[in-house]
Amino acid sequence: MIQTEEKVRLQKIIARAGISSRRKAEDLIQSGQVTVNGAVVTTLGTKVDPAHDHIKVSGKHLPAPAPDTFLILNKPAGVVSTLQDPEGRPTIKHMLPKPSLRLFPVGRLDFDSEGLLLLTNNGEVAQACLHPSHHVLKTYLIKIKGILQDSEILQLKRGLPLEDGPTAPAKVRKAGKAEANSWVEITIHEGRKHQVKRMLEYLGHPVIRLKRIQFGPLNLGSLPLGKSRFLTDKEANSLRQLLVPGKPTARRVSPRRIKPARWAESKRSPRDQRKTRN
Ligand code: URA
């Protein structure tokens with residue numbers, strides 16, 4: 001194997017070529033189906049140079065790596081946000097442009113939730129979007145039973161003692177009211193299971209409808225329900241920024257330059273900031 005600075009883990013190269021997920025690539029390696037320059041490699045984590053080493057899987061050369069693809073879908077309620085469902089419920093699969101793109105969802109939306117779902121074939125960006133240290137902001141427009149009182153808004157802003165631990169401070173904005181129900185916009189950076197519903201249930205306002213309208217730098221805009229669109233280069237690049245150490249969370253951005261990084265949390269406690277740096 002040629003030793004250069006450009007070496008990458010074998011399972012990552014196989015996954016990038018779009019023939020399997022990273023997990024499946026590991027199985028292929030461990031079961032002896034992968035050769036590098038003619039020699040079988042079964043050790044996970046072996047690093048190779050994709051530009052020079054000849055990699056074969058099951059006797060076939062790897063295809064060129066699939067280009068990075070990012071799209072957003074406006075997921076309707078009543079559909080699971082995965083490509084397969086063991087319970088046989090409808091999935092988002094038929095709403096995506098081409099199965100050959102091998103995209104997977106970044107995080108989840110509940111079955112009865114709707115709105116912005118990011119899909120990509122870039123596992124590193126996906127992982128970074130979901131990693132708690134990046135504090136990627138998600139905004140939800142929610143129809144709730146009743147009307148939030150100022151004291152309840154304050155509780156949301158301070159954090160609530162849910163059974164799996166206190167929530168981080170949320171941004172909250174009243175967004176309209178009807179007879180017995182109202183709309184509220186909540187922005188959080190955490191991504192715990194059913195988090196927004198549980199926060200509002202804690203305050204005695206069950207959720208009637210929940211729609212994600214913003215995910216990091218991505219805005220749902222007027223994308224019709226059930227439709228998807230590819231990200232612009234600018235949007236994709238702003239997601240890729242998550243892979244650059246120290247960016248784009250505003251912890252290293254001076255207040256005057258805060259605008260481009262607004263989609264990552266900007267106001268974090270000094271204690272929290274220390275935690276991320278360590
Ligand atoms: N919070 C929830 O409770 N449900 C979702 O689908 C997303 C956030």
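Look a little higher up for the structure.
Quick summary incoming for the structure in this document. (Residues numbered from 1 in each chain as written. Predicted model: local features only at pLDDT ≥ 70, side-chain atom pairs only at ≥ 80, totals over all residues. Heavy atoms only, no water.)

Around the ligand lies a shell formed by Leu109, Asp110, Ser113, Tyr140, His194, Gln195, Val196, Lys197 and Leu210. One of the backbone N or O atoms of His194 is found 3.3 Å from an oxygen atom in the ligand. Between the ligand and Gln195, the relevant distance is 3.4 Å, taken from an oxygen atom to a main-chain nitrogen or oxygen of the residue. The protein chains hide 94% of the 240 Å² of surface that the ligand would expose on its own. (Near = heavy atom within 4 Å. Polar contact = N/O pair within 3.5 Å; in protein donor to acceptor, adjacent residues only side chain to side chain. Areas by Shrake-Rupley, 256 points an atom, 1.4 Å probe, with all protein chains shown as cover.)

Among the surface-exposed residues, Arg9, Arg16, Arg22 and Lys47 lie close enough to one another that they form a single positively charged patch. In this structure Lys47 comes out as partly exposed when scored by relative accessible area, which is 43%. (Patch = residues over 30% accessible without salt bridge, like charges linked within 9 Å, V, L, I, M, F, W, Y side chains within 5 Å. Salt bridge = Lys/Arg side-chain N within 4 Å of Asp/Glu carboxyl O. Lys, Arg positive; Asp, Glu negative; His and termini not counted. Charge placed at Lys NZ, Arg CZ, Asp CG, Glu CD. Buried < 20%, exposed > 50% of the residue type's maximum accessible area, 1.4 Å probe, protein only.)

One can find Glu114 in strand E9 (residues 114-120). Owing to a relative accessible area of 6%, Glu114 belongs among the buried residues under this scheme. Sequence-distant contacts of Glu114, that is, excluding residues within four places in its chain, are made with Lys75, Pro76, Ala77, Leu109, Arg209, Leu210, Lys211, Arg212 and Leu225. (Helix = DSSP H or I, 4+ residues; strand = E, 2+ residues; numbered from the N terminus. Contact = heavy atoms within 4.5 Å.)

Spatially, 4 strands are ordered E3-E2-E5-E6 in an open sheet, and the strand pairing comes out antiparallel. At either end of the open sheet lies a strand with only one pairing partner, and these are strand E3 (39-40) and strand E6 (60-61). With 2 bridges joining them, strand E5 (residues 55-57) and E6 adopt antiparallel strand pairing. Note on E6: the bridge partner recorded for Lys56 is His61. (Pairing = 2+ DSSP bridges.)

Without other data, these values stay purely geometric and don't point to any function.
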